[in-house]
Amino acid sequence: MIKFAGKGILLDIEGTACSVSYVYDVLIPYARRELPDFLRRHWREPGLMHACELLAHDVGLPDASAWLGSKAATPEAIGGIVEAVVRLMDADVKATGLKELQGLIWKEGYARGDLRSQVFPDVPRCLAAWHSAGIDVRIFSSGSAEAQVSFFSHTEYGDMETFLNGHYDTTTGPKKEPASYVAIAADMHREPQFILFLSDVTAELDAARAAGMQTGLTDRPGNAPVAAGHGHPVIASFSEIELV
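Keep in mind that this is a model prediction, so the values were computed, not measured.

Caption draft 1: Summary view of the environment of Arg-87. Locating Arg-87 in the fold gives a position in helix α4 (residues 75-90). A sequence separation of 28 residues divides Arg-87 from Val-59, and the C-alpha atoms of the two residues are 8.9 Å apart.

Here it is as structure tokens:
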């Protein structure tokens, strides 16, 4: 049980609000499968072009001209982007361009009804209760902010985006760096000690704690084992947080 007297809660998604398996067994395979057709249909649209520019930097290219120089979606151009995306996905790299491109694909998939986010049963109940209590609840995930909005807007429990006040991704900073949490606290207009950060990754919790935030380790089904001695309170459900 965590007793929390603050007014801000910051949440991770994978392994915290939803299972790791939903991300790796549903979302990532969907993005991989839909990528070539998505590129052909949205070729040179502004959103895709921006994501590809970021992706180019992710893989060490100066820009995306090698891919986007062609006005038509040629097999060579499509193949170059797919190769870059697959390489990053296979290495599980939390790269900004990759996450933005995945987010565009998922946004379309959610809108079409292909995807419905699977969250743990306590999540909608607790988000609603925190919202009613005036708690400022926000998300910090490696997935793009746009992908986060799509995720919470289309869950099996309905639209939960109404319970959230903001989203942060890797454009704010790395999740394992204290400066990222300092920046988030400033954006929330709250002192870090009045914000509780929940995640399944101890290195992220260590960074948040170094920034002055309260922390909680989420022990969800399917999460990777965590070494002892991390010093963070452990909860198996958001319902184990008592507002005081």
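From this point, the narrative continues.
Caption draft 2: Examining the pairing of strand β2 (residues 8-11) more closely. Residues Gly-8 and Leu-10 line one face of β2 and the alternating positions Ile-9 and Leu-11 line the opposite face, and both faces are buried. Pairing geometry for β2 and strand β3 (residues 136-140), over 4 bridges, is parallel. Each bridged residue has a counterpart across the sheet, and for Gly-8 the counterpart in β3 is Asp-136. Bridge count between β2 and strand β5 (residues 195-199): 4 bridges; the pairing is parallel. Following the sheet pairing, Leu-11 is matched in β5 by Leu-198.

Caption draft 3: Local environment of helix α6 (residues 122-132). Among all positions in α6, only Asp-122, Val-123, Pro-124, Cys-126, Leu-127 and Trp-130 are buried. At its buried positions, α6 is contacted by β2, β3, α7 (145-153), β5 and β8 (241-243). Looking one or two places after α6, you find Gly-134, whose phi comes out positive at around 85°.

Caption draft 4: Up close: the nonpolar core. Within the largest apolar cluster, 61 residues are counted, with the highest numbers of intra-cluster contacts made by Trp-67, Leu-127 and Trp-130. Counting residues per element, this core draws most heavily on helix α1 (residues 20-41), which supplies 9 residues. The residues contacting Trp-67, other than those within four sequence positions of it, are Trp-43, Cys-52, Leu-55, Ala-56, Val-59, Leu-61, Ala-77, Gly-80, Ile-81 and Ala-84. Core analysis: the next-biggest nonpolar cluster, separate from the first, contains 15 residues, Tyr-181, Met-188, Ala-208 and Leu-217 among them.

What counts, and at which threshold
Along each chain, numbering runs from 1 in the same order as the chain's sequence is written. Per-residue local features are limited, in this predicted model, to residues with pLDDT of at least 70; the limit for side-chain atom pairs, both in listing and counting, is 80 or more; totals at the level of whole chains, interfaces and linings are taken over all residues. Values shown for side chains rest on all heavy atoms present in the structure; no hydrogens or waters enter the calculation. The helix count covers DSSP runs of H or I at least four residues long, the strand count covers runs of E at least two residues long, and both are numbered beginning at the N terminus. Relative accessible area decides the class of each residue, using a 1.4 Å probe on protein chains only: under 20% of the type maximum gives buried, over 50% gives exposed, and in between gives partly exposed. In this description, strands pair whenever DSSP reports at least two bridges between them. Throughout, a contact is declared for two residues whenever any of their heavy atoms are within 4.5 Å. For our purposes a nonpolar core is just a set of buried Ala, Val, Leu, Ile, Met, Phe, Trp, Tyr and Cys residues, chained together by side-chain atoms within 4.5 Å.

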